[in-house]
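So you can see what is in the structure, the chains are spelled out below.
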Amino acid sequence: MTHLMILPVVIPMLAAAWLLVNHRASIGRQRVWSIFSTSVLVALGVWAVVAAQTDYHTYWLGNWQPPFGIVLVLDRLSAMMLLLAALLALFCVLYASRGSDREGSHFHALFQFQLMGINGAFLTGDLFNLFVFFEILLLASYALLLHGGGRARSRAGLHYVIINLLGSALFLLALGILYGLTGTLNMADLAVRIAAASPDDQTLLKGAALLLMVVFGIKAAILPLLFWLPRAYSASSAPVAALFAIMTKVGFYAMVRVLLIVFGLDPAQPLNAGVFLWLWPLALATLGLGAIGVLGAASLRTMAAYLVIMSSGLLMASFAMAETTVLAASLFYLLHSTCLAAVFFLLADLIGRQRADGYDLLSVTAPLTHRWILGTLFLVAAVSMAGLPPFSGFISKAWLLQNATGHPHYLWLWGITLLAGLFMIAALSRAGSGWFWKPEPFSGRQRRKLDPARVATVSVLIGISGALALFAAPVMEYMTATAGQLYHPSAYVEAVLGEPATITGGLTP
Amino acid sequence: MELMIAAALGILTTCGVFLILRARTFSVVLGLTLLSHAVNLFLFSMGRLTTGAPAIVGLTESSADPLPQALVLTAIVISFAMTAFVVVLSLKAAVELRNDHVDGENPNEDRL
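Residues numbered from 1 in each chain as written. Chains lettered and ligands numbered in written order. Predicted model: local features only at pLDDT ≥ 70, side-chain atom pairs only at ≥ 80, totals over all residues. Heavy atoms only, no water.

Peer 1: Even after reading the chapter, I still don't get the overall build of chain A, so can you show me in this structure?
Peer 2: Assigned secondary structure in chain A consists of 20 helices and 2 strands. Whereas a compact globule of 509 residues would reach a radius of gyration of roughly 23 Å, chain A reaches 22 Å, a difference of no more than 12%. C-alpha extents for chain A along the principal axes are approximately 80 × 55 × 40 Å. A burial count over chain A gives 63% of its 509 residues as buried. (Helix = DSSP H or I, 4+ residues; strand = E, 2+ residues; numbered from the N terminus. Rg over C-alpha atoms; globule rule 2.2 N^0.38 Å. Buried < 20%, exposed > 50% of the residue type's maximum accessible area, 1.4 Å probe, protein only.)

Peer 1: Hey, could you run me through the interface of chain B and chain A in this one?
Peer 2: Taken residue by residue, the interface counts 36 residues in chain B and 31 residues in chain A. In this structure, the connection of chain B to chain A is made through 0 salt bridges. The interface formed by chain B and chain A includes 6 residue pairs in polar contact (both at pLDDT 80 or more). Broken down by secondary-structure element, the contributors of at least two residues to the side of chain B that touches chain A are α2 (25-45) and α3 (66-97) of chain B. Broken down by element, the side of chain B that touches chain A gets its largest block of residues, 15 residues, from α3(B). Class assignment for the residues of the side of chain B that touches chain A results in 21 nonpolar, 5 polar and 10 charged. (Contact = heavy atoms within 4.5 Å. Salt bridge = Lys/Arg side-chain N within 4 Å of Asp/Glu carboxyl O. Polar contact = N/O pair within 3.5 Å; in protein donor to acceptor, adjacent residues only side chain to side chain. Nonpolar A, V, L, I, M, F, W, Y, C, P; charged D, E, K, R; others polar.)

Peer 1: Is there a simple way to think about the packing of helix α5 (residues 127-146) of chain A against helix α8 (residues 202-220) of chain A in this case?
Peer 2: If you want to describe how two helices pack, look at the angle between their axes and the distance between the axes. Residues and elements named next belong to chain A. Packing of α5 against α8 leaves a shortest axis separation of 13 Å and a crossing angle of 25°. On the basis of their axis angle, the class for α5 and α8 is roughly parallel. When you trace α5 past α8, the crossing you get is left-handed. On α8, the residues that touch Leu127, Leu130, Phe134 and Leu138 of α5 are Leu212, Phe216 and Lys219. (Axes fitted to C-alpha atoms, helices over the stretch in contact; angles between N-to-C directions. Parallel < 35°, antiparallel > 145°, perpendicular 65-115°, else oblique. Left-handed = near helix turned anticlockwise from the far one by under 90°.)

Peer 1: Please clarify how the packing of helix α6 (residues 151-182) of chain A against α2(B) should be interpreted in this entry.
Peer 2: Orientation of α6(A) relative to α2(B), taken along the N-to-C sense of each, is 15°, at an axis distance of 9 Å. Put simply, α6(A) runs roughly parallel to α2(B). As α6(A) packs across α2(B), the resulting crossing turns out to be left-handed. Within the contact between the two elements, α6(A) uses Leu158(A), Ile162(A), Leu165(A), Leu166(A), Ala169(A), Leu172(A), Leu173(A), Gly176(A) and Ile177(A) and α2(B) uses Thr25(B), Val28(B), Leu32(B), Leu35(B), Val39(B), Phe42(B) and Leu43(B).

Peer 1: It is not clear to me how the nonpolar core should be interpreted in this structure. Could you clarify?
Peer 2: Soluble globular proteins: nonpolar side chains tend toward being buried together. Residues and elements named next belong to chain A. Within the largest apolar cluster, 225 residues are counted, with the highest numbers of intra-cluster contacts made by Phe216 and Phe344. The biggest single contributor to this core is helix α14 (residues 324-354), with 21 residues. Once residues within four sequence positions are removed from consideration, Phe344 is found in contact with Leu300, Ala304, Leu307, Phe378, Ala381, Ala382, Met385 and Leu428. (Core = buried A, V, L, I, M, F, W, Y, C linked by side-chain atoms within 4.5 Å.)

Peer 1: Help me understand the packing of aromatic side chains, please; the structure alone is not making it clear to me.
Peer 2: The description of two aromatic rings rests on the distance between their centres and on the angle between their planes. Scanning the model with the defined rule gives 23 aromatic pairs over all chains in all. An angle of 80° between the planes, with centres 5.8 Å apart, marks the rings of Tyr410(A) and Trp414(A) as edge-to-face. On the criterion of helical spacing, the pair formed by Tyr410(A) and Trp414(A) is a turn pair, its members being 4 residues apart in helix α17 (residues 410-436). Chaining the aromatic ring pairs together yields one cluster made of Tyr142(A), Tyr160(A), Trp228(A), Tyr233(A), Phe244(A), Phe345(A) and Phe85(B). Stacked on the ring of Tyr478(A), the Lys or Arg Arg76(A) has its end atom at 4.9 Å from the ring centre. Above the face of the Tyr95(A) ring, Arg454(A) is positioned so that its terminal group lies 5.3 Å from the ring centre. (Phe/Tyr/Trp six-rings, centres within 6.5 Å; stacked < 30°, edge-to-face > 60°. Lys NZ or Arg CZ within 6 Å of the ring centre and 35° of its normal.)

In structure tokens, the structure reads:
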């Protein structure tokens, strides 16, 4: 047990507290603190990925023994998500520090609270704490979404806040059912008790599982529950929207964690099969709707929001196939799609600032400065996002589709994914040609300066996509091991409870 | 007592869901409040309904499960904060958008 494990939660909390107390400090100092805290998180993420290679790590808060105390668990999946969130946050905070953090007050404090919630959700081994960390990240995200104010943000904010409050209520109902039946909320303990549950309780347990799926589905944007997303993401400021790219993945993470660990311990009668039955068609429909949305989007930010929906549809569809190799490939796709979705939100802002008119509206043809640099960035990002070689998009999708062939209904996934890819290529090339080829060059005087720091931030983030392609082999190896670990919940249970999982006897509430 | 609690839960949830589906922010906020009341009551009853059993071991022969009470406390604090937030947000939206529709717009107005 090492105390390093709690730092991803404690560091952003302390940073946020400092920023709140010293909110009169100059914006420069606030930025330094925020960037420093986020950089430390990146370092911790790297440590977590290295540490998780060997074994599970558990941290008992206050040394209260499980299953009674609060426990943090670090495994390969949470380590990977920690690193991804920290990296993404670093780019977002660097981008925001070029000016958009001045639109309102407390940007950096809110940003750090958001990171605290995200990291906590990845680390916790307890369902109630998952709820608490969800609330922390949601409350911070409400404020971040509204940061800077404006009519569009208030409108989008209302939908976002109300649907998430409803989600929290459902989350608590599911937790209540689970606690009432099993008398515990520790994930490992819950897994053991659910596996040993009597047949009479199966229906209630399945109800709780489906309720949890609705809650995580709201976060991860699954079909009937995603209509808040395009407006919310396209209304928020660029770095905030880019950070929100990880939020749907938090929902996906919770789904994977809960379905595979809590409801998947007993291989004889897995409760998660009933959930997968629902997840599969809904996720495919999400993917299809995302593709239509990408084609029909009126601005680049809305298009990026639908790209987020598409990627989360593909993730959930591949997860619903319930196979180890497919899950490994979809985790690779998760890395790629999170980075690229963030890139598109930042690019929309970067290009929008250089256009004479229309910001990021696709229907407006306006002169653009620095066409070469921005055009190249857009081309590389679009090629990677659409899944064309040679970038990570191609590798991750090819691997995913190749691994999916073992599933009886894999042609559905192939068809919809490839068709969605075609839609995406059409939409992105239309956007690119309309912006970079059509307009007249800027006439002399009104040239705007291109901010080199913003360009560098976006370029490096795109570079990560290239790096993922270059170092695909070790990443794929890591993902395969991660998926293998997730499909062996008994090892998780043993690591947390300290004794092998034995499924005997009825429930003792 | 079971019947009473169950009826209270049912009525609170029904009213909450009905109000949440209304088009004006004020009724939606009221609906969310009712629903969170229902949730808190539900969580509380998950520790089983007992009388004369404090949540301290040793005072009486049987003691109540203290955990649901702790959970409810957390849930109440969170839902209280969230309600305060959503009230402020709807006020802000009503002032800025000059109407209190949850969509913040009349159907024939241009979308932002």
